[in-house]
Amino acid sequence: MPTSSEVEKILVVSSQNELAELAQQAMGTSFEVIRAQDQQEGLEKARKEFPEVIILGHLEPQGTTFNLHRRLREGWITRNIPLLVVDIDTADRSRRALTMEEGLQMEADQYISLVGEDGQALSRLAEPIIRLRERVGKHLKERLNTFKEAVLDPDIFCVTWEQVAGRGAFEMQQEEIIENAMKAARRKKVHAVSVTDNPGGNPAISTEMLCTEIKKLGIEPLVHLAFRDKNRNECESLLFGLAALGVRNILMLTGDYPSRAGFKGQPKPVFDLDSVQGLQLVDLMNRGIDYEMAGRRVTLAPTDFFAGACISPFKQHESELLGQYYKLRKKIEAGAQFIITQLGYDMRKFHEILMWLKSSGNNVPVLANIYVLPYGAGKVMNANQIPGAVVTDKLLQDIDAERKAEDKGREARYLRAAKMYAVAKGMGFAGAHIGGHGLAYETLEYIIEKGEELDARWREFIPEFDYPQKSGFYLFKKDEKTGLNTREEASRQEKPSRPGIVLLSRIAHSLIFEPKSPLFKCLKPMARLIDRSPRLKPAFTYLEHLGKVILFNCMNCGDCALFDVGYLCPVSQCPKNQRNGPCGGSYNGWCEVYPNERLCIWVKAYRRLKAMGKEEEIGGNMVPPCNWELWETSSWLNFYMGRDHLAAKTGIARESCPEKGQDK
């Protein structure tokens with residue numbers, strides 16, 4: 001359940017003041033004990049305060065405690081809060097919390113009976129205090145987000161196990177995911193089981209549904225959320241549902257482009273929010289969304305999500321790689337609390353992300369992606385058929401040679417994964433995100449145990465992961481002694497791009513869209529006049545769109561992001577509509593969706609901005625999602641009237657839009 005305070009709360013509902021005093025003494029000053037004297041007050045405070053544990057004592061009349069327990073256990077808001085019924089044993093049975101019949105219906109761990117010595121208050125006796133502290137502590141431990149605790153604890157090497165969801169409701173692939181989660185929950189070697197979201201852009205069983213089932217098995221789920229298929233309302237609805245069901249760990253992703261395997265062909269991609277904006281939404285929900293309804297302000301109860309993000313450091317070109325790190329900077333600023341790398345086998349690239357975080361002053365924990373790679377999967381990745389996954393020709397040749405062994409290379413690939421585990425731990429990663437097609441739990445456990453065994457020798461294995469891409473760019477210079485990176489940054493020699501349209505756009509922007517420009521001050525009244533004219537406005541909008549179609553292939557979104565992407569349109573030129581930086585799917589500079597046909601829009605933007613010495617702006621310019629209310633309206637008028645995101649950033653006051661009924 002959510003909490004809005006760093007001090008954990010315990011609610012005591014009892015007509016006996018002694019019970020609240022006992023609870024306060026048992027739990028100490030690090031807990032706030034909230035008191036309620038009757039059933040109604042207890043219900044109200046349980047629903048508003050979101051306590052960590054609720055303690056129920058004697059309530060009048062007899063049977064009220066049992067009834068309140070039932071209502072709390074069945075309540076939508078309170079059903080996940082641990083309950084403890086405390087009976088202060090007394091000769092007067094009418095003063096007990098439960099009758100014998102009611103007590104028999106309780107779960108053993110939800111009931112405790114405390115007995116004091118003659119004439120002495122319970123709060124002065126050690127044994128009742130210790131018993132209550134132990135029982136409440138047990139419930140608090142059950143509520144801990146063990147994945148979050150493991151990721152943030154520098155003394156724990158966190159392990160997550162990736163499961164790939166498949167198509168269908170009653171298929172063996174789904175059965176195997178549940179069976180794997182049950183094994184992981186029992187053996188306690190894994191801190192979270194992660195489930196992919198429509199992998200490869202293919203339809204699959206809902207990751208949210210599977211993760212709620214995994215939660216019931218006693219292990220933390222890690223939900224992969226790709227907002228590719230959902231608009232922002234659906235994203236918010238989905239997150240509320242996960243929060244209500246106690247699923248707290250989120251890996252925010254852009255997601256693969258939709259495949260052709262959908263019902264009657266390729267579905268329409270949505271990409272309404274990117275991963276940066278998705279993290280902003282989660283951060284807002286964790287603080288409590290504030291909105292206006294029927295003329296009054298409403299603040300929603302805060303959620304308790306632990307959200308992370310991905311980075312793809314295995315990029316070949318300077319422009320590709322820097323785009324990844326600039327976007328990661330935004331993800332961290334937007335609220336990412338942990339990072340998981342994409343799939344690759346170059347240890348310099350793994351080390352690079354730790355170096356970048358340190359040099360940029362960020363202390364976000366990172367999990368290394370370790371994929372148990374057979375030849376078949378390696379061949380597919382080598383052919384760039386799985387966006388973002390990098391398997392070089394040399395690595396594929398090595399795996400091909402290994403499969404000639406009697407066991408078809410099985411032992412070699414398991415050992416490779418164990419060595420990656422050891423090196424990742426030695427370098428300072430917070431954990432390992434382990435996956436592999438058909439990976440059995442026993443194999444996973446072998447990788448973990450063997451990795452721990454090899455931990456002390458991790459430096460010996462670095463040369464075994466020397467798989468650079470041809471002419472690949474690194475952020476830092478190579479350390480020839482260790483095979484990793486030095487602290488010295490590498491020179492950035494990729495040639496900038498200076499197309500004439502950029503110079504023209506910059507001149508136009510400085511003259512027309514800079515509030516300090518004399519021309520801006522002249523155009524502002526004209527824009528207001530056009531905006532309020534039923535005849536002039538459509539004509540102006542048409543001519544503006546015509547010119548921008550010719551120059552920028554404009555889609556007439558009305559909330560223009562040309563200035564944010566090096567004077568390139570992310571709506572028309574990026575299949576995923578990415579406004580805050582590149583997705584992880586580009587390869588050799590090419591767009592994931594149009595390989596060898598179109599360069600990634602952010603590769604082009606980087607080169608354009610580098611020519612102006614402004615490439616760092618990619619990491620500092622946080623761009624909101626497109627406001628679809630402005631679709632097919634004039635972006636120029638929207639800017640001058642203060643209605644689009646650039647106007648808000650510039651500080652232009654908002655003015656009304658008569659035909660749409662927008663307010664000042």
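The numbering scheme is per chain: residues are counted from 1 as the chain's sequence reads. A pLDDT threshold of at least 70 governs which residues receive local features in this predicted model, and a stricter bar of 80 or more applies before side-chain atom pairs are shown or counted, although totals over entire chains, interfaces and linings include all residues. The side-chain values count all of the structure's non-hydrogen atoms but skip hydrogen atoms and water molecules.

Q: Teacher, can you tell me more about unusual backbone geometry here?
A: Excluding glycine, a negative phi dihedral is what most residues carry, and trans is how most peptide bonds are arranged. The amide bond that connects Glu-60 to the next residue, Pro-61, takes the cis arrangement and shows omega of -10°. Put simply, DSSP marks the helices as runs of H or I at least four residues long and the strands as runs of E at least two long, and each gets a number from the N terminus on. Relative to the assigned elements, Pro-61 resides in the loop between β3 (53–56) and α3 (64–74). With a phi close to 55°, Lys-264 is a non-glycine residue in the positive phi region. Along the polypeptide, Lys-264 turns up in the loop between β9 (249–253) and α10 (275–287). Think of it in three bands: residues with accessible area under 20% of the maximum for their type are buried, residues over 50% are exposed, and the middle band is partly exposed, with areas taken using a 1.4 Å probe on protein chains only. Judged by its relative accessible area of 76%, Lys-264 falls in the exposed class. Positive phi is not limited to glycine here, since Asn-384 has a value of about 60°. As for its position among the elements, Asn-384 is in the loop between α13 (375–382) and α14 (393–402). On the basis of relative accessible area, Asn-384 is assigned to the partly exposed category, the value being 22%.

Q: Honestly, the sheet that holds strand β7 (residues 192–195) in this entry has me stumped. Any pointers?
A: The pairing of strands in a sheet happens through backbone hydrogen bonds and is either parallel or antiparallel. Two strands are said to pair when DSSP picks up at least two bridges between them. Judged by pairing direction, the barrel is parallel, and its eight strands sit side by side in the order β6-β7-β8-β9-β12-β13-β14-β15 before closing back on the first. Averaged over all pairs of adjacent strands, the angle between strand axes in this sheet comes to 25°, irrespective of strand direction. Of the pairings in the sheet, the one linking β7 to strand β8 (residues 220–226) comprises four bridges and is parallel in character. Its bridge partner being in β8, Ser-194 is matched across the sheet by Leu-222. A contact between two residues is defined here by any heavy atoms of the two lying within 4.5 Å. Here the axes come from fitting lines to C-alpha atoms, over the contacting stretch only for helices, and the angles between their N-to-C directions go from 0 to 180 degrees. Seen against the sheet, helix α7 (residues 172–187) touches β6 (158–163) and β7 and runs at an angle of roughly 165° to β6.

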